[in-house]
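Report on the structure
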2 protein chains.
Amino acid sequence: MLRLSTKGQYGVRAMYEIAKGYPETPVTIKEISEKQDVSVAYLEQILNKLRKAGLIKSIKGPGGGYLLEKKPEEVSIAAILNELEGPVALTSCLDPEEGCVRVDSCVTHLLWKALGEKVEAFLKTITLKNLVSGDLDKMKRK
Amino acid sequence: MLRLSTKGQYGVRAMYEIAKGYPETPVTIKEISEKQDVSVAYLEQILNKLRKAGLIKSIKGPGGGYLLEKKPEEVSIAAILNELEGPVALTSCLDPEEGCVRVDSCVTHLLWKALGEKVEAFLKTITLKNLVSGDLDKMKRK
DNA sequence: ATAATACTTGACAAAGTTAGTAGGGTTTTA
DNA sequence: TAAAACCCTACTAACTTTGTCAAGTATTAT
């Protein structure tokens with residue numbers, strides 16, 4: 001249950017590669033494609049979304065590529081996934097765009113809401129810096 | 001992102017109805033169907049799985065219905081969802097049945113694993129008793 | 001200038017999953 | 001013995017995911 005889409009997974013891995021080039025070395029789509037084994041065409045879609053969201057910027061022409069728009073420690077996994085998969089909404093009634101019909105009659109409403117918030121909170125504490133520096137103790141402690 | 005299937009949602013709500021009949025009042029599929037607004041045929045599939053998993057038992061014939069097999073405080077949400085949706089496996093490489101090809105080369109492996117474990121741990125702390133008694137503080141504290 | 005590099009965009013399709021319906025059982029008990 | 005209630009399998013329509021493809025536009029090294 002609760003499978004993450006490949007778009008989200010690839011997106012995080014792509015951001016990891018771009019973060020390795022921080023602060024000044026542009027990383028090309030081709031490099032990301034080879035290192036993370038994802039097709040160039042698919043990555044284009046993913047990076048496009050992340051660029052529009054202001055997480056990365058791109059430099060065109062020879063020698064160009066992608067760069068982080070912020071510091072690695074300021075880019076959380078939550079931010080990346082939010083752009084690629086939308087907000088955590090375990091049920092459709094928690095989706096901001098849909099809304100709940102049963103609302104308070106629904107005993108489980110609070111449960112799913114609480115779980116979603118926990119997930120989001122956790123993902124906010126993990127940043128690209130943690131990933132790049134291999135600082136993974138955080139995940140065990142929290 | 002991270003949408004729960006309706007099977008999982010309905011399953012929890014059905015178990016909630018059955019839990020209300022604990023310890024001795026059988027709850028029929030029809031009652032659950034009406035109270036939770038889910039078709040009888042769909043509920044049959046769901047309850048069948050839960051019965052085979054030993055979470056509930058059924059009594060046939062007139063006056064029959066479903067009963068909890070254990071005490072409400074011994075049935076966690078995690079147990080219900082595990083039967084209906086399989087284990088929490090945010091990525092296919094964490095799925096027990098598939099396995100990971102990249103394993104240690106995958107920087108994000110640990111991340112998804114940690115998140116999955118957090119989700120599972122949380123869902124294990126919430127039981128049907130919490131749901132029935134409206135004891136939801138737990139969700140805020142933890 | 002211009003060719004090479006690299007990003008940008010939108011349409012589309014194959015594959016898989018989900019969410020349910022349908023229709024036929026069997027078992028139990030009043 | 002009939003009604004109530006559970007049991008089981010198959011199927012399918014809709015949706016989502018996971019990509020591919022083709023045709024751009026922008027930039028810069030030479």
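Conventions we followed
- Residues numbered from 1 in each chain as written.
- Chains lettered and ligands numbered in written order.
- Predicted model: local features only at pLDDT ≥ 70, side-chain atom pairs only at ≥ 80, totals over all residues.
- Heavy atoms only, no water.
- Pairing = 2+ DSSP bridges.
- Helix = DSSP H or I, 4+ residues; strand = E, 2+ residues; numbered from the N terminus.
- Near = heavy atom within 4 Å.
- Polar contact = N/O pair within 3.5 Å; in protein donor to acceptor, adjacent residues only side chain to side chain.
- Nonpolar A, V, L, I, M, F, W, Y, C, P; charged D, E, K, R; others polar.
- Axes fitted to C-alpha atoms, helices over the stretch in contact; angles between N-to-C directions.
- Parallel < 35°, antiparallel > 145°, perpendicular 65-115°, else oblique.
- Contact = heavy atoms within 4.5 Å.

1. Let's talk about the pairing of strand β2 (residues 65-68) of chain A
Residue and element names in this part refer to chain A. Alignment of strand β1 (residues 56-59) against β2, held across 4 bridges, turns out to be antiparallel. Across the sheet, the residue bridging to Ile59 is Gly65, located in β2. The turn joining β1 and β2, which pair antiparallel and follow one another in sequence, is formed by 5 residues; a positive phi near 80° is taken by Gly61.

2. Looking at the protein's contact with DNA strand C
Close contacts around DNA strand C come from 25 residues, with Glu44, Arg51 and Tyr66 of chain A together with Ser39 and Gln45 of chain B the closest. Taking Asn48 of chain A, its side chain carries an N or O atom lying 3.1 Å from a phosphate oxygen of DNA strand C. Ser58 of chain A is positioned such that a nitrogen or oxygen atom in its side chain is 2.9 Å from a phosphate oxygen of DNA strand C. Looking at the surface near DNA strand C, the elements that each hand over two or more residues are α3 (40-52), β1 and β2 of chain A together with α1 (6-20) and α3 (40-52) of chain B. Broken down by element, the surface near DNA strand C gets its largest block of residues, 5 residues, from α3 of chain A. Residue classes in the surface near DNA strand C are distributed as 8 nonpolar, 11 polar and 6 charged.

3. Structural notes on the packing of α1 of chain B against α3 of chain B
Residue and element names in this part refer to chain B. Put simply, α1 and α3 touch, their axes get as near as 10 Å, and they point 75° apart. With respect to α3, the axis of α1 lies roughly perpendicular. Contacts between α1 and α3 involve Thr6, Lys7, Tyr10, Gly11, Ala14, Met15 and Ile18 from the former and Tyr42, Leu43, Gln45, Ile46, Leu47 and Leu50 from the latter. In terms of residue class, the contact of α1 with α3 is built from 9 nonpolar, 3 polar and 1 charged.

4. Observations regarding the environment of Phe122 of chain A
Within the secondary structure layout, Phe122 of chain A lies in helix α5 (residues 109-125). On a C-alpha basis, the gap between Phe122 of chain A and Ile77 of chain A in space is 9.1 Å, while along the polypeptide they are 45 residues apart. The residues touching Phe122 of chain A, leaving out its near neighbours within four places in the chain, are Met139 of chain A together with Leu111, Ala114, Leu115 and Lys118 of chain B.

Keep in mind that these numbers describe shape and distance, not what the molecule does.
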